[in-house]
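So the chains spell out like this:
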Amino acid sequence: MAQLGEGDIAPDFKLPSDDGKELGLASFKGKPLVLYFYPKADTSGCTKQANEFNALLEDFRAAGVAVLAVSPDPVKALSKFKTKYGLAFPLLGDEGHAMLEAYGVWTQKSMYGRSYMGVERSIFLIGKDGRIAKAWRKVNVEGHAPQVLAAARAL
């Protein structure tokens, strides 16, 4: 699948969130959205990333921008992760990988000579029009949330 980029229509989705309710792109129609993808809840890098977004959440909200995070984890693990770190934004679980594939972030990876499928840490800023305003791929964990906030404020 070709990678999504700026100007592309964001693929629709509907996934269970950490509270058991379903959320979809339509839930944020007419509102900018930060959609970030991470490999696994409660791992060191993913925890740092979640805490950075959480620390800036009021700034995102003041800019009128919602934040959602997506991983292939089951809802039960997401709920535990959210509670453990006091995260105040929804975590969505895509165990079947359909959304991860639609956004082009379910990719072949390798570690220690072993090849496997996993999530490419990526962030998409979706504008009010439902189009991708900015895309960051292979994101470094630390210090990235402020860059996303700056881009969100510029929408």
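For the structure given in this document, a descriptive report is provided here. (Residues numbered from 1 in each chain as written. Predicted model: local features only at pLDDT ≥ 70, side-chain atom pairs only at ≥ 80, totals over all residues. Heavy atoms only, no water.)

Some thoughts on the pattern of salt bridges
At step 1: Counting across every chain of the model gives 7 salt bridges.
At step 2: Among the salt bridges present, the one from Glu6 reaches Lys134, with a minimum N-O distance of 3.9 Å. On the criterion of sequence distance, the pair formed by Glu6 in the segment before β1 (14–16) and Lys134 in strand β9 (residues 132–136) is long-range, its members being 128 residues apart.
At step 3: Across the salt bridge formed by Asp42 and Lys84, the nearest N and O atoms sit 3.1 Å from each other. (Salt bridge = Lys/Arg side-chain N within 4 Å of Asp/Glu carboxyl O. Helix = DSSP H or I, 4+ residues; strand = E, 2+ residues; numbered from the N terminus.)

Focus on unusual backbone geometry
At step 1: The backbone of Asp42 shows a phi angle near 65 degrees, a positive value even though the residue is not glycine.
At step 2: Summarising the element assignment, Asp42 is placed in the loop between β3 (33–37) and α1 (44–55).
At step 3: Residue classification places Asp42 among the partly exposed residues on the basis of a relative accessible area of 34%. (Buried < 20%, exposed > 50% of the residue type's maximum accessible area, 1.4 Å probe, protein only.)

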